[in-house]
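# Observations on the three-dimensional arrangement
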Amino acid sequence: MKDRLTLFTKYLLDVLFYAGIVVTVTLPFSIRFYGKYDSYFGQHWLRLTILFGISGIFALMLLQELRKMFKTVLNGDCFIRENVQSLKRMGICSFCIAAVTALRLFLYLTPAVLITILVFVIAGLFSLVLSRVFDAAVTYKLENDLTI
């Protein structure tokens, strides 16, 4: 299963994960810097740093779970219980990002905030439903493996 698209996706996930670490760690500096150009960010830099930081941590956790799952795809054995748990954790992370983003509604209401909330709620639901599909597939696979 190591075709070009699969390898590209694997490397993209790695780049996104490590770039996400850099972005999350440098949030206080980048928000303060941007606050020089946007007074809202300048006035609320601490609140925004906290909210974006928490969202960033959940996004990194989500990406880490996706990277773990992708290793199983590369190994050719993706229907395992660990992936079911990863999908559940990804769903929870998505809901947490949506909840933290919803807190921004009290600071700054924009269509982008509403869309972000909607996207992560849908992603959370999708992950939880997909975890149930994977759970059934793992059960069938294990039963099939026991059949002679």
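About the cut-offs
- Residues numbered from 1 in each chain as written.
- Predicted model: local features only at pLDDT ≥ 70, side-chain atom pairs only at ≥ 80, totals over all residues.
- Heavy atoms only, no water.
- Helix = DSSP H or I, 4+ residues; strand = E, 2+ residues; numbered from the N terminus.
- Rg over C-alpha atoms; globule rule 2.2 N^0.38 Å.
- Buried < 20%, exposed > 50% of the residue type's maximum accessible area, 1.4 Å probe, protein only.
- Contact = heavy atoms within 4.5 Å.
- Axes fitted to C-alpha atoms, helices over the stretch in contact; angles between N-to-C directions.
- Parallel < 35°, antiparallel > 145°, perpendicular 65-115°, else oblique.
- Left-handed = near helix turned anticlockwise from the far one by under 90°.
- 1 Å grid on protein atoms, 1.4 Å probe; cavity = no way out; pocket = protein on both sides within 12 Å on 5 of 7 lines; lining within 4 Å.
- Points joined across faces, edges and corners; volume = space filled by probe spheres on them.
- Nonpolar A, V, L, I, M, F, W, Y, C, P; charged D, E, K, R; others polar.
- Core = buried A, V, L, I, M, F, W, Y, C linked by side-chain atoms within 4.5 Å.

Our focus in this paragraph is the overall build of the protein. Along its length, the protein carries six helices and zero strands. Reading the protein from its N terminus to its C terminus gives the helix and strand order α-α-α-α-α-α. For 148 residues, the compact-globule formula gives about 15 Å, and the C-alpha radius of gyration of the protein, at 19 Å, lies well above that figure. Across its three principal axes, the protein shows a C-alpha extent of roughly 70 × 30 × 20 Å. Here the protein holds 148 residues, and the buried ones make up 34% of them. Summarising the internal contacts of the protein: among those between residues at least 6 apart in sequence, 70% fall at separations of at least 24.

What follows deals with the packing of helix α1 (residues 4–25) against helix α4 (residues 45–75). Geometry of a packed helix pair, given as the angle between the helix axes and the separation of the axes. The N-to-C vectors of α1 and α4 enclose an angle of 155 degrees; their axes lie 10 Å apart at closest approach. Viewed along their axes, α1 and α4 adopt a mutual orientation that is roughly antiparallel. At the point where α1 passes α4, the crossing takes the left-handed sense. Here Thr6, Leu7, Thr9, Lys10, Leu13, Asp14, Leu16, Phe17, Tyr18, Gly20, Ile21 and Thr24 of α1 lie close against α4, whose contacting residues are Gly53, Gly56, Ile57, Leu60, Leu63, Gln64, Leu66, Arg67, Phe70 and Leu74.

What follows is about the layout of surface pockets. Estimates place the volume of the largest pocket at around 350 Å³. Lining the largest pocket we find 17 residues, and of these Phe52, Ser55, Gly56, Ala59 and Ile97 sit closest to its centre. Those elements giving two or more residues to the lining of the largest pocket turn out to be α1, α4, α5 (81–103) and α6 (111–146). Counting residues per element, the lining of the largest pocket draws most heavily on α4, at six residues. Residues of the lining of the largest pocket, tallied by class, amount to ten nonpolar, six polar and one charged.

The next thing to look at is the nonpolar core. Leu62, Met69, Val84, Leu87, Met90, Cys93, Phe134 and Val138 form the largest nonpolar core, which has eight residues in total. Elements supplying a minimum of two residues to this core: α4, α5 and α6. Sorting elements by how many residues they give to this core places α5 first, with four residues. Val138 has contacts with Phe79, Ile80, Arg81 and Val84, leaving out every residue within four places of it along the chain. Phe17, Leu60, Phe70 and Leu74 belong to the second largest nonpolar core, which has six residues in total.

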